[in-house]
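# Observations on the model geometry
What follows is each chain in one-letter form.
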Amino acid sequence: MKMAHGPRIVNFSILGLVTNDGMVVDIPAEAARQKVQLSFDPSSTISLTASGNKGLAELAILFKGRGSNLQNVNR
């Protein structure tokens, strides 16, 4: 039985969000595409952690409105 998981955070020189199907949303590129001003440095997990709930809310906005230009991490 396959368990459903929410998006995961990954650090690959920049931060990204991993979808359930193993695709990565490039956070800074997606923020630029959606014209979302981030309250954290998208190259730093520490900065994201320090931004707290505000940063997590920004990630939720990016994830919900994500485009189709994703990278596959299952290769």
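The written sequence of each chain sets the order in which its residues are numbered from 1. Since the coordinates come from a predicted model, pLDDT governs what is reported: local features require at least 70, and pairs of side-chain atoms require 80 or more to be given and counted, while whole-chain, interface and lining totals use all residues. Excluded from the side-chain calculation are hydrogens and water; included are all heavy atoms of the structure.

## Focus: the layout of surface pockets
For each structure, a 1 Å grid was placed over the protein atoms alone; sets of points admitting a 1.4 Å probe that cannot get out are labelled cavities, open sets with protein on both sides within 12 Å along at least five of seven lines are labelled pockets, and lining residues have an atom within 4 Å of a point. Grid points are joined across faces, edges and corners, and a volume is the space filled by probe spheres set on the points. Estimated volume of the largest pocket: approximately 150 Å³. Every residue lining the largest pocket is counted, 12 residues in all, and those nearest its centre are Asp26, Ala29, Glu30, Asn69 and Leu70. A run of DSSP states H or I qualifies as a helix once it reaches four residues; a run of E qualifies as a strand once it reaches two. Both are numbered from the N-terminal end. Taken together, the elements giving at least two residues each to the lining of the largest pocket come down to β3 (23–26) and α1 (27–34).

## Focus on the confidence of the model for the protein
Predicted coordinates in areas of low pLDDT are best not read in detail. Note on scores: pLDDT gives the predictor's confidence for each residue, bounded by 0 and 100. With 89% of its residues at a pLDDT of 70 or more, the protein has an overall mean of 86. Here strand β1 (residues 8–12) stands out as the element of the protein with the lowest mean pLDDT, 68, in contrast to helix α2 (residues 45–64), whose mean of 95 is the highest.

## Considerations on the packing of aromatic side chains
Side-chain rings of Phe, Tyr and Trp, where Trp is taken by its six-membered ring, are said to pair if the distance between their centres is within 6.5 Å; with planes under 30 degrees apart they count as stacked, over 60 as edge-to-face, and otherwise as tilted. Throughout the structure, instances matching the rule amount to 0 aromatic pairs. For a ring to carry a charge above it, either NZ of a lysine or CZ of an arginine must fall within 6 Å of the ring centroid while also lying within 35 degrees of the normal to the ring plane. In this arrangement the basic side chain of Arg66 is found over the ring face of Phe63, its NZ or CZ atom lying 4.1 Å from the centre.

## A few points about the packing of α1 against α2
Between N-to-C directions, angles cover 0 to 180 degrees, with each direction set by a line fitted to C-alpha atoms, over the stretch in contact for helices. Between α1 and α2, whose axes approach to 10 Å, the crossing angle comes to 75°. One finds that α1 runs roughly perpendicular with respect to α2. On α2, the residues touching Ile27, Glu30, Ala31 and Gln34 of α1 are Leu59, Ile61 and Leu62. Looking at the contact of α1 with α2 residue by residue, the class counts come to 5 nonpolar, 1 polar and 1 charged. Put simply, angles under 35 degrees are roughly parallel, angles over 145 are roughly antiparallel, angles from 65 to 115 are roughly perpendicular, and the rest are oblique. Only heavy atoms enter the contact rule, under which two residues are in contact if any of them lie within 4.5 Å. The residue classification treats Ala, Val, Leu, Ile, Met, Phe, Trp, Tyr, Cys and Pro as nonpolar and Asp, Glu, Lys and Arg as charged. All others, Gly included, are polar.

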